[in-house]
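Coordinate inspection notes
Now for the letters of each chain:
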Amino acid sequence: AAEMGDDEDLLARRVSRRMFQVWYRLSQAKENLHEFFSQERFGEFLQRANAFTVCRVLDLCAIYSESCRVRLQIMLASVFQHHPTLSKELEKAAPTIAGQLWKGYGALSQWCFARGFIEEAEAVEGAPEPQGDGTDMFAFVVDTCLVLKAAMC
């Protein structure tokens, strides 16, 4: 793939920022005095629209956790507050998420061992082979924990 030029990079950042603003606005129950939903009605709307799913929340965390961490936390807190079935869906997905976190831990353990940071690596079946500088593994663990933290609040 060709490297993006400065103009293309700037355009990509602008589009990404606008997309985040759309998701953020969709998560907030802010209305004007003449047109508004009750808190309960807003929650029903979020559920019916199916805009926020466990997979989509994980994607949003993966994409925006570095650049918009505080606003992402606010967004997720609102979504989980108004969309209570999403927490139940996350609970159903928790064993799979925990398994992936365990594999991520195994990869981090191997990565740290290979660089001499620890004396013994944890053997985790199915853990991916560590690659590069390890930031992707750290980001995965942090992003996933961010979703879990938002669900617990």
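Since the structure is predicted, the reported quantities are computational estimates derived from the model, not experimental observations. (Residues numbered from 1 in each chain as written. Predicted model: local features only at pLDDT ≥ 70, side-chain atom pairs only at ≥ 80, totals over all residues. Heavy atoms only, no water.)

Comments concerning the packing of aromatic side chains
- If you walk through the whole model with that rule in mind, you get 6 aromatic pairs.
- Where Phe20 meets Tyr64, the ring centres are 4.9 Å apart and the plane angle is 55 degrees; that geometry is what we call tilted. In this pair, Phe20 is assigned in helix α1 (residues 6-27) and Tyr64 in helix α3 (residues 54-64), connecting sequence segments 44 residues apart. The two residues Phe20 and Tyr64 agree in class, both being buried.
- Aromatic rings pair up to connect Phe20, Tyr24 and Tyr64 into one cluster.
- We note Arg71 situated over the ring of Tyr24; from NZ or CZ to the ring centre the distance is 3.9 Å. (Phe/Tyr/Trp six-rings, centres within 6.5 Å; stacked < 30°, edge-to-face > 60°. Helix = DSSP H or I, 4+ residues; strand = E, 2+ residues; numbered from the N terminus. Buried < 20%, exposed > 50% of the residue type's maximum accessible area, 1.4 Å probe, protein only. Lys NZ or Arg CZ within 6 Å of the ring centre and 35° of its normal.)

Topic: the confidence of the model for the protein
- Summary statistics for the protein give a mean pLDDT of 81 and a share of 87% for residues scoring 70 or more.
- Mean pLDDT across the elements of the protein bottoms out in helix α6 (residues 135-152) (70) and peaks in α1 (90). (pLDDT = per-residue confidence, 0-100.)

Details of unusual backbone geometry
- A positive phi angle, close to 55 degrees, is found at Asn50, a residue other than glycine.
- Within the secondary structure, Asn50 is located in the loop between α2 (39-49) and α3.
- When its relative accessible area of 45% is taken as the criterion, Asn50 is described as partly exposed.

Some remarks on a nonpolar patch on the surface
- On the surface, a nonpolar cluster with roughly 270 Å² of combined accessible area is contributed by Leu11, Val15 and Met19.
- Of note, Val15 is situated in helix α1.
- What makes Val15 partly exposed here is its relative accessible area of 45%. (Patch = residues over 30% accessible without salt bridge, like charges linked within 9 Å, V, L, I, M, F, W, Y side chains within 5 Å. Areas by Shrake-Rupley, 256 points an atom, 1.4 Å probe, with all protein chains shown as cover. Salt bridge = Lys/Arg side-chain N within 4 Å of Asp/Glu carboxyl O.)

Structural notes on α3
- Taken together, the buried positions of α3 are Val54, Val57, Leu60, Cys61 and Tyr64. Each buried residue of α3 sits inside an arc of 125 degrees when the element is viewed along its axis, so together they form one side. Those residues of α3 that are exposed and aimed more than 90 degrees away from the buried face are Cys55, Ala62 and Ile63. (Arc of directions from axis to C-beta.)

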